[in-house]
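Residue-level structure breakdown
Below, each chain spelled out in residue letters.
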Amino acid sequence: MELVHTIAEVRARHDAARAAGRVVGLVPTMGFLHDGHRSLMIAAGAECGFVTVTIFVNPLQFGPNEDLDAYPRDLEGDLKLAEGAGVDLVFAPTVAEMYPDGAVATSVRVNGLADQLEGASRPGHFDGVATVVAKLFSIAGACRAYFGEKDYQQLQIVTRMARDLSIPVQVIGCPTIREPHGLARSSRNAYLDGVERQAAGVLKRALDAGVGAIDAGERATDAVEARMAEVIAGEPRAALDYARVVDASSLERRDVLHGTVRLLIAARVGAARLIDNVGAQAG
Ligand code: PAF
């Protein structure tokens, strides 16, 4: 496995891989890698002849009061995990390499999909994500890119962005990896102490309760969302931000559920703001 820090080196390695007939698999990350990331690398390795992991804590996607400076970092640990997962190349650029002019004049915005849910709670967040992912796709060239379903709204946004801009990258969503009590693996779980980590399992229990209501025939969106909120309210360490049921592709909220839907939840547990989601079929 090779570690590189410049865009030119990534382009050269990817051009050589493609010239040798290998499909490039890209796993964009912000580092502090865990089993969720490992599953993306394994999926990429199973389908691609050359796997690149990018590690870049992207300042553009953090709001002024968010955790950019405190965001957990561990390049040494990340390199070990990536090597163990069979990765060929790690791209860990500096901020100056990615944004040599400081503030970017060009920003990518995916209208509609970026406005609600996380977009409403974190204004500008998805413009920062779409902009850096567009850059990473442009740097990587033709490839398959692997993203976790854990960040479901992000997955829909980067998929739409690649399609709208005719970027030759196939975006692949991979299932969420969970701890035994249901907590979705996330770098932000590092902010939780042992008791909070247990308490954070409430997000998955709330989602399961919502799915249970839909499976039992409930079709009123309000009622399913209220059921999820009720479960969160039962855990004193958790504070709900939102519990929503939306169309799985457009992310639009309808009063009456039908078709393939996605249940999404965001809550604070201790110092961590956590998100999670699951799918369901409403008739
Ligand atoms: O999901 C993440 O880790 C980030 O949002 C991403 C896609 C690497 C862009 O910075």
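Residues numbered from 1 in each chain as written. Predicted model: local features only at pLDDT ≥ 70, side-chain atom pairs only at ≥ 80, totals over all residues. Heavy atoms only, no water.

1. Quick word on helix α2 (residues 35-47)
Cut-off, in case you're wondering: Starting at the N terminus, helices and strands are each numbered in turn, a helix being any DSSP run of H or I of at least four residues and a strand any DSSP run of E of at least two. Helix span is expected to be 1.5 Å times the residue number reduced by one. Burial classes: relative accessible area under 20% of the type maximum marks a residue as buried, over 50% as exposed, and values in between as partly exposed (1.4 Å probe, protein chains only). Picture the helix axis, draw a direction to every C-beta atom, and the arc is the one those directions span. Contacts were defined at the residue level, with two residues in contact if any of their heavy atoms lie within 4.5 Å.
Its 13 residues give α2 an end-to-end C-alpha distance of 18 Å, which sits within 8% of 18 Å, the value for a rise of 1.5 Å per residue. Taken as a whole, α2 has its buried residues at Gly36, His37, Leu40, Met41 and Ala44. The arc that holds the buried residues of α2, viewed along the axis, is 145°, so those residues lie on one side. Those residues of α2 that are buried lie in contact with β2 (24-29), β3 (50-55), α3 (75-84), β5 (143-148) and β6 (169-174).

2. Here we look at helix α10 (residues 221-233)
Think of an α-helix as 3.6 residues a turn; residues three or four steps apart then line up on the same face. With 13 residues, α10 extends 18 Å from end C-alpha to end C-alpha; this agrees with the ideal 18 Å at 1.5 Å per step. Considered for burial, the residues of α10 that qualify are Thr221, Val224, Glu225, Met228, Val231 and Ile232. Each buried residue of α10 lies within a common arc of 120° when the element is viewed along its axis, so the set occupies one face. Seen from the open side of α10, the exposed residues pointing more than 90 degrees away from its buried face are Asp222, Glu230 and Ala233. Buried positions along α10 lie against α9 (202-215), β7 (238-247) and β8 (259-269).

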